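# Secondary and tertiary structure notes
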Amino acid sequence: MTNNAPKIVTLLGLLTMMTGSTVYAQDGKTLSFTDDRGVKVEVPFQPKRIASISYFANDVALALGIKPVASTYMTAGREPDFLLGTTAGMKHVGQRAKPNLELLSEAKPDLIVAIRRYTVGNAPQLEKIASFVAFNMELLDGSDREIAELSKILGNPERGIQLNKEFRAHLADFAAKAPKDVRPRFAIMWGGETPLAFHTENTAASIVTVVGGDNIAGNMTPGGEFGIDLSLETMLEKDPEVLFIYDSGPDRPHENKPIWQELTAMKNKRVFYVGDQWVETNGPIAREIVLREAAHYLYPDAFSAVDVRAEAAKIIPGEAQN
């Protein structure tokens, strides 16, 4: 399988030059820019009440020392460790794919930051509630830009740039320290009857690839989706040595199929059920934690196990941790 690490590292270098290329018009109270829908939007400069549809805005805001007032969730009843459980103190406004607009309105946000693919259909309704901006939040080649743009909206562009530079340095450092004599085959997937695996351009998969993994899902087709349905038969053919499975709860139908037991990752006990940061990876906290977890799971003898909350606490300022 093709080694994509050099390509991705080069891409990160290009992003360094591209970050901040969006032109903002500021009148002292608002900022104007084009979001990932291709829509020109005006948003309040330094908004006070942020609502997040996905965890991305929580991730960026908390890294800047700001606590949003409302958030969707990934899995009901779970407050993500990579956000130090701070979402427990926010108004819950439904699952990220189906936000409850009535609850969202009750939170009285002055800015809604959303994941684009889940809010295309109800964007007009969201715009009636508050200023609304949508990001793709899918691929590594958008992460730096998204963090930089939202950091500027939230009034701290310097911190956004710093977070991007630190991540690129950390990514290069982990890649340099990883063993070079082996590249474990891996997949990052949602469980289910037919698992959905992430292509290499997906942010989490890109990170694992740079650290030293070989993604069995391969690259995206031009203009295609960031994930692909892989039957268990196909997975057995490609035979991943390490599996990262999003832990969405106790329902794991894939485990009940005989073919599941034949996978090398299963036989070698290298199947890891991972947290929300592996799906919501485009924020500065999530991607730093995924980097460290990926390195340890790929090469446990070379990299230490990760305390997710301890790593998150290094990035989130104390005033935003409670």
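All figures in this text were calculated on a predicted structure; none of them were measured in a lab.

## Focus on the packing of aromatic side chains
- In total, this model carries eleven aromatic pairs according to the counting rule given.
- Ring geometry for F56 and F135: centres 5.8 Å apart, planes at 70 degrees, overall edge-to-face. With a gap of 79 residues between them, F56 in helix α2 (residues 56-63) and F135 in strand β8 (residues 131-135) connect regions that are remote in the sequence. Comparing F56 with F135 shows no difference in burial state: the two are buried.
- Among the aromatic residues, ring-to-ring pairing joins F186, F244, F272, W278 and Y297 into one connected group.
- Positioned over the ring face of Y118 is R117, at 4.9 Å from the centre of the ring.
- Over the ring of Y273 we find R252; its NZ or CZ atom is 3.6 Å from the centre of that ring.

## Here's the deal with the confidence of the model for the protein
- Confidence in the prediction for the protein averages 91 pLDDT; 92% of positions are at 70 or higher.
- In this model residues 4-22 is a low-confidence stretch, pLDDT under 50, and it forms 26 contacts with partners more than four residues away in sequence or in other chains.

## Remarks on α2
- Of all eight residues in α2, eight are buried, a share of seventy percent or more.
- Among the residues of α2, F56, A57, N58, D59, V60, A61, L62 and A63 are the ones counted as buried.
- The positive-phi residue at the C-terminal boundary of α2 is G65, with phi of around 85 degrees.

## Description of helix α11 (residues 284-298)
- Its 15 residues give α11 an end-to-end C-alpha distance of 21 Å, which sits within 8% of 21 Å, the value for a rise of 1.5 Å per residue.
- Burial analysis of α11 places 15 of its 15 residues in the buried class, the great majority of the element.

## With respect to the pattern of salt bridges
- For the structure shown, the criterion picks out 21 salt bridges.
- With its nearest N and O atoms 3.1 Å apart, the salt bridge here joins D81 to R309. Taken together, the residues span a long stretch of sequence, with D81 in the loop between β5 (70-73) and β6 (91-95) and R309 in helix α12 (residues 308-315) at a distance of 228 residues.
- By relative accessible area, which is 42% here, D81 ends up partly exposed.
- The partner of E149 in a salt bridge is R145, and the shortest N-O contact between them spans 3.5 Å. With E149 and R145 both in helix α6 (residues 140-153), this residue pair falls four residues apart, about one helical turn.
- Of the residues examined, R145 reaches a relative accessible area of 26% and is grouped as partly exposed.
- In the salt-bridge network here, residues are joined through shared partners; they are D36, R145, E146 and E149.

## Quick word on the pairing of strand β7 (residues 111-115)
- Counting buried positions along β7 yields five of five residues, so the element is predominantly enclosed.
- Of the two faces of β7, the one holding L111, V113 and I115 and the one holding I112 and A114 are both buried throughout.
- Bridge count for strand β4 (residues 50-53) against β7 is four bridges, and the pairing is parallel. When the sheet's bridge partners are listed, S52 is paired in β7 with V113.
- Of the pairings in the sheet, the one linking β7 to β8 comprises five bridges and is parallel in character.

## Thoughts on the layout of surface pockets
- A volume near 170 Å³ is recorded for the largest pocket.
- R159, L163, E166, H170, P284, E288, I289, R292, E311, K314 and I315 together form the lining of the largest pocket.
- Looking at the lining of the largest pocket, the elements with two or more residues in it are α7 (157-177), α11 and α12.
- Across the lining of the largest pocket, the residue classes tally to four nonpolar, one polar and six charged.

## Remarks on the packing of α7 against α11
- Following both chains from N to C, one finds α7 and α11 inclined at 5 degrees, their axes separated by 10 Å at the closest point. Taken together, α7 and α11 sit at an angle that is classed as roughly parallel. Counted together, L163, N164, E166, F167, H170, L171 and F174 of α7 and P284, R287, E288, L291, R292 and A295 of α11 form the full contact between these two elements.
- Here the contact of α7 with α11 is composed, by residue class, of seven nonpolar, two polar and four charged.

## Some details on the sheet that holds β7
- Pairing is parallel in the open sheet, where five strands are placed in the order β6-β5-β4-β7-β8. Two strands close off the open sheet at either side, each with one partner strand: β6 and β8. Between one strand axis and the next, the sheet turns through 20 degrees on average, direction left out of account.
- In the packing of α2 onto the sheet, the strands contacted are β4, β5, β7 and β8, and the crossing angle to β4 comes to about 140 degrees.
- Where α6 meets the sheet, it contacts β7 and β8, and its direction lies at approximately 165 degrees from that of β8.

## Overview of the packing of α2 against α11
- Packing of α2 against α11 brings their axes to within 7 Å, and their N-to-C directions diverge by 95 degrees. As judged from the angle between their axes, α2 and α11 are roughly perpendicular. Contacts from D59, V60, L62 and A63 in α2 reach P284, I285 and A286 in α11.

Parameters and conventions
Residues numbered from 1 in each chain as written. Predicted model: local features only at pLDDT ≥ 70, side-chain atom pairs only at ≥ 80, totals over all residues. Heavy atoms only, no water. Phe/Tyr/Trp six-rings, centres within 6.5 Å; stacked < 30°, edge-to-face > 60°. Helix = DSSP H or I, 4+ residues; strand = E, 2+ residues; numbered from the N terminus. Buried < 20%, exposed > 50% of the residue type's maximum accessible area, 1.4 Å probe, protein only. Lys NZ or Arg CZ within 6 Å of the ring centre and 35° of its normal. pLDDT = per-residue confidence, 0-100. Contact = heavy atoms within 4.5 Å. Expected span 1.5 Å × (residues − 1). Salt bridge = Lys/Arg side-chain N within 4 Å of Asp/Glu carboxyl O. Pairing = 2+ DSSP bridges. 1 Å grid on protein atoms, 1.4 Å probe; cavity = no way out; pocket = protein on both sides within 12 Å on 5 of 7 lines; lining within 4 Å. Points joined across faces, edges and corners; volume = space filled by probe spheres on them. Nonpolar A, V, L, I, M, F, W, Y, C, P; charged D, E, K, R; others polar. Axes fitted to C-alpha atoms, helices over the stretch in contact; angles between N-to-C directions. Parallel < 35°, antiparallel > 145°, perpendicular 65-115°, else oblique.

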